[in-house]
Structure formats: C-alpha cells, structure tokens
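Each chain, written out:
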Amino acid sequence: MSEVPAEVPFEIASADHDSTTVLTVRGELDLDTIPELSATAFPAAETAEGGLVVDLTDVSFLSSSAITVLVRVCDRLPDTSRMALVAVDGVVVRPVRLSGIDRVMATFTTVSDAVAHVRSAAHDGESRQ
C-alpha cells in the first residue's frame, strides 16, 4: 500500500534581514491561499523601503494566480525598491520562467543573494526593475 505524502500547511512569515523585508512562504500557493498571501504581501511591499524578497523555497505548488499576485506585489513597492524571489524547486522555477516574471524580478537560490540584490537598489538609488 502506497502512502500519500502529507500536505504541508500553508504558512507565510515576515522578517527583517539587513533592512530588507523577507517573506517566507511554505505550502501550496493556489486559489485557496492567495488571499492570505495578498493580505501579508501587499502591506509588506508598500513599506519595503529596503526591498522585498519572497522566499519560495518551501512552496510545493505555484499557480498562475499566485504569479499574478507576485507581480501585483512588485507593483506596490516604493519607487527606489526592488523585489526578488528565492526558488530552487522545479515546481516553482518552471512556472516562474514560463510566465516571464523572472524578467521583472530576479530569482535566486539563496535568501542572502536575493537580499544583496534588492539592497543594491536601495544603496544605488536605482528604481526597481
């Protein structure tokens, strides 16, 4: 008898890393979890003067609706901030690449690399990509 893996509950947490807001997401990003993502990510983006990193390392599914929300989150950033994603698993990397959002926000394999990228915009006074 084969076992079905237990579903990882959806979680989203916000933390500050060197003046950059990092949202860590866990579980599936689908129609059921989009409202919670939006409720946390939109206000975080609006106040992310040091940039915003969304860590999708522990995301097991990324829907097209979630990608749309991520683009809208990016649109809410202050003018001098930028956003980056952290993604390592193919179930996240593939939809990010296929959707083309990796041309709007850079994608990294580590939080520290993503934080360094978004912080460089704040230090250089550049506008987000």
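What counts as what
- Residues numbered from 1 in each chain as written.
- Predicted model: local features only at pLDDT ≥ 70, side-chain atom pairs only at ≥ 80, totals over all residues.
- Heavy atoms only, no water.
- Helix = DSSP H or I, 4+ residues; strand = E, 2+ residues; numbered from the N terminus.
- Buried < 20%, exposed > 50% of the residue type's maximum accessible area, 1.4 Å probe, protein only.
- Contact = heavy atoms within 4.5 Å.
- Phe/Tyr/Trp six-rings, centres within 6.5 Å; stacked < 30°, edge-to-face > 60°.
- Lys NZ or Arg CZ within 6 Å of the ring centre and 35° of its normal.
- Expected span 1.5 Å × (residues − 1).
- Arc of directions from axis to C-beta.

A. View of the overall build of the protein chain. Per the secondary structure count, the protein chain includes four helices and five strands. Across the protein chain, helices and strands are ordered from the amino to the carboxyl terminus as β-β-α-β-α-β-α-β-α. A buried classification covers 44% of the 129 residues belonging to the protein chain. Nonlocal contacts in the protein chain, meaning residues at least 24 apart in sequence, comprise 70% of its contacts between residues at least 6 apart.

B. Summary view of the packing of aromatic side chains. Overall, the coordinates contain zero aromatic pairs when judged by the stated rule. Above the face of the F42 ring, R76 is positioned so that its terminal group lies 3.9 Å from the ring centre.

C. Molecular detail of unusual backbone geometry. In this model, D18 sits at a positive phi of 55°, which is unusual for a non-glycine residue. Its location among the elements puts D18 in the loop between strand 1 (11–17) and strand 2 (20–29). Given a relative accessible area of 57%, D18 falls into the exposed group.

D. Looking closely at helix 2 (residues 64–75). With twelve residues, helix 2 should reach 16 Å at 1.5 Å per residue; the first-to-last C-alpha distance of 17 Å fits that figure. If you check which residues of helix 2 are buried, you get A66, I67, V69, L70, V73 and C74. Mapping the buried residues of helix 2 onto a view down its axis gives an arc of 160°, with all of them on the same face. Exposed residues lying more than 90 degrees from the buried face of helix 2 are S64, R72 and D75.

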